Amino acid sequence: MDAVTTGPTLEGIRVLDLTQYLAGPACTRMLAEMGAEVIKVEAAPFGDPSRAFTPRRNRRAGFFVQQHRGKQSICLDLRSDEGIAIVRALADEVDVVVENFSPGVMDRKGWGYAELSSTNPRLVMASVSGFGQTGPLRDKPAFDFVAQAYGGIMHMTGDPDGPPTFVGIGLADTGAGVHAFGAIGMALFHRERTGKGCHIDASMVDSLVHMHETSVYAPSITDDLDEPYVPMRAGRHYQPSTPGAGYRSPDGWIVVFCTQGQIDGLWRAMGRPELGDDERFRTNDARLAHRDELTAMIEGWMAGFGTDDDVIAALEAERVPCSKVLSPAEFVDQPHLIERGMIREVVDPVAGPVTIPGFPLAFDDQRPAADGPAPTLGQHNESVLRDLLGYDDDRIAALESAGVLASKPR
């Protein structure tokens, strides 16, 4: 059967983007990459705060280019009655609203889900926040590092005798955005079945708690043992299993991780198959008890090679899970990531060429990508108001004169 040619997955879906910084924009950026029409509402006079982030070129922030390419921009005075009314009217013309205001702000402005769905019952709304829309901490301010602290990520990161450490990326922000993106897809599918929209509550903290693979359940099922499991950061080592660490190598660091099914491959790669019968290393529990000895042995073996590539070749010959520890500056040149579209270059009309991460999911009939440029501030004021709300030139001009609409060439 001939393949059916289809358009972008979310073609025809219109999104009202009431987000800023990272968590919400990460969600709407992915929706745009999947083909949705995303209308970004920015607060006059300066717009999304990330427009001022550094580094910049020609006063254009690379962060803004990465997170907002392919979107439209309408810039409104959101403190004015007219600006508030325009957002309310736009919500009737879209399929999805995404917002990351503090809980309660949407209701106070008349944009809460109950209000919006009363006139647009098919509306899907996603609210992305630090601690969620309910619970004792719903009103607590949060940025990514606050969520990392509360969600246990910092506790599990760093050396055991040192301070808890931040993960060096926006893990909570982006994680919440990706969770919201997935939930929106499920909600749109549900709407196709029932005709009804819904309100999604996506929390940065919840997304991090969900990521714990061992440290939540393990204490509860070992509390009757003489040495119950105590979740604790283990520096470069993985607490539950070994070998599972970054090991000093000829050029830097190499990560090796073996479960019981791969450990014999490591012994063969090291030229020490007899270690499989050594009581110190025969089981994972035994290896954990002798982790320092094993670490020294692995690093001593690696030191006998000329380069990290030589070490990797020996490990991969025995199918041992491993990788060099790459910096972002190094992985942007990796052929594997380039071939998979995970490293891309976009040419922004203001900033010029910008290297960005690609879309993290692959589909057999398309490679999602928002190739359109990031908008200048208020670039689509006129087209959005004219096409969606039927405003004429005189009305738009009056809003501009009154300062309800704003725009800038960057």
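Quick note: structure is the one above.
About the thresholds
- Residues numbered from 1 in each chain as written.
- Predicted model: local features only at pLDDT ≥ 70, side-chain atom pairs only at ≥ 80, totals over all residues.
- Heavy atoms only, no water.
- Helix = DSSP H or I, 4+ residues; strand = E, 2+ residues; numbered from the N terminus.
- Buried < 20%, exposed > 50% of the residue type's maximum accessible area, 1.4 Å probe, protein only.
- Contact = heavy atoms within 4.5 Å.
- Areas by Shrake-Rupley, 256 points an atom, 1.4 Å probe, with all protein chains shown as cover.
- Lys, Arg positive; Asp, Glu negative; His and termini not counted.
- Charge placed at Lys NZ, Arg CZ, Asp CG, Glu CD.
- Expected span 1.5 Å × (residues − 1).
- Pairing = 2+ DSSP bridges.
- Right-handed = clockwise from strand over helix to strand, strands pointing away.
- Axes fitted to C-alpha atoms, helices over the stretch in contact; angles between N-to-C directions.
- Parallel < 35°, antiparallel > 145°, perpendicular 65-115°, else oblique.
- Phe/Tyr/Trp six-rings, centres within 6.5 Å; stacked < 30°, edge-to-face > 60°.
- Lys NZ or Arg CZ within 6 Å of the ring centre and 35° of its normal.
- Core = buried A, V, L, I, M, F, W, Y, C linked by side-chain atoms within 4.5 Å.

Things to note about the overall build of the protein chain
- The helix and strand tally for the protein chain stands at 17 helices and 13 strands.
- With the C-alpha coordinates of the protein chain rotated into their principal frame, the extents come out at 85 × 50 × 50 Å.
- When burial is assessed residue by residue, the protein chain has 45% of its 410 residues classed as buried.
- Taking as baseline every contact in the protein chain between residues at least 6 positions apart, the subset at least 24 positions apart corresponds to 68%.
- About 20,900 Å² of surface is accessible on the protein chain, with carbon and sulfur atoms providing 54% of the total.
- Taking the average location of the 38 positive side-chain charges in the protein chain and that of its 58 negative ones, the two points are 4 Å from each other.

Details of helix H7 (residues 171-194)
- The end-to-end C-alpha separation of H7 is 34 Å, in line with the 34 Å expected for 24 residues at 1.5 Å each.
- Looking at H7, one finds that the buried residues are Ala172, Asp173, Gly175, Ala176, Gly177, Ala180, Phe181, Ile184, Ala187, Leu188 and Arg191.
- Buried positions along H7 lie against helix H1 (23-33), strand E6 (96-99), strand E7 (124-129), helix H6 (144-150), strand E8 (198-203) and helix H8 (204-211).
- Note on H7: the residue one or two positions beyond its end, Gly195, has a positive phi of about 80°.

Points about the side chain of Ser241
- Note that Ser241 resides in the loop between helix H9 (218-221) and strand E9 (244-248).
- On the basis of relative accessibility, which here comes to 11%, the residue Ser241 falls in the buried class.
- Among all residues touching Ser241, those that are not within four sequence positions of it are Phe257, Cys258, Asn284 and Leu288.

Notes on the pairing of strand E2 (residues 37-43)
- For E2, the buried fraction is high: 5 of the 7 residues fall into the buried class.
- Pairing of strand E1 (residues 14-18) with E2 involves 4 bridges; the strand directions are parallel. Among the inter-strand pairings, Arg14 is bridged to a residue of E2, identified as Glu37.
- Tracing the backbone out of E1, into H1 and back to the parallel element E2 gives a crossover that is right-handed.

A few points about the packing of H7 against H8
- Remark: H7 packs on H8, axes separated minimally by 8 Å, with the N-to-C direction vectors making an angle of 90°. As summarised for this structure, H7 and H8 are arranged roughly perpendicular, according to the angle between their axes. Facing Leu171, Ala172, Asp173, Gly175, Ala176 and His179 of H7, the residues of H8 in contact are Met204, Ser207, Leu208, His210 and Met211.

Describing the packing of aromatic side chains
- Scanning the entire structure with this criterion turns up 10 aromatic pairs.
- Judged by centre distance (6.0 Å) and plane angle (45°), the rings of Trp267 and Phe281 are tilted. Highlighted residues: Trp267 in helix H10 (residues 263-269) and Phe281 in the loop between H10 and helix H11 (284-289), separated in sequence by 14 residues.
- Among the residues examined, Trp267 registers a relative accessible area of 1% and is labelled buried.
- An aromatic cluster of three or more residues is present, and its members are Tyr21, Phe53, Phe63 and Phe143.
- Sitting over the face of the ring of Tyr391, Arg395 holds its NZ or CZ atom 3.8 Å from the ring centroid.

Some remarks on H1
- When you tally the buried positions in H1, you get 11 out of 11 residues, the bulk of the element.
- The set of residues buried in H1 consists of Ala23, Gly24, Pro25, Ala26, Cys27, Thr28, Arg29, Met30, Leu31, Ala32 and Glu33.
- Positive backbone phi, approximately 105°, marks Gly35, located one or two places after H1.

Focus on the sheet that holds strand E10 (residues 253-257)
- The strand order E9-E10-E11 describes an open sheet built from 3 strands, whose pairing is antiparallel. Single-partner strands in this sheet number two, and they are E9 and strand E11 (322-324). Strand-to-strand twist of the sheet, defined as the mean angle between neighbouring strand axes without regard to direction, takes the value 20°.
- As paired strands, E10 and E11 are joined by 3 bridges and run antiparallel to one another. Bridged to Ile254 within E11 is Lys324.
- Lying on the sheet, helix H12 (residues 291-302) is in contact with E9 and E10; it crosses E9 at an angle near 45°.
- The strands touched by helix H13 (residues 308-317) are E10 and E11; relative to E11, the strand with the most contacts, the crossing angle is about 170°.

Thoughts on the nonpolar core
- One finds Val15, Leu31, Val96, Val98 and Ile184 to be the most contacted residues of the largest nonpolar core, which totals 32 residues.
- Looking at this core, the elements with two or more residues in it are H1, E6, E7, H7, E8 and H8.
- Tallying contributions element by element places H7 first for this core, with 7 residues.
- Those residues in contact with Val98 that lie beyond four places of it in its chain are Val15, Leu16, Asp17, Leu18, Thr19, Gly24, Cys27, Thr28, Leu31, Ala126, Val128 and Ile184.
- Of all hydrophobic cores here, the second largest spans 27 residues; its members include Leu16, Leu18, Leu116 and Tyr391.

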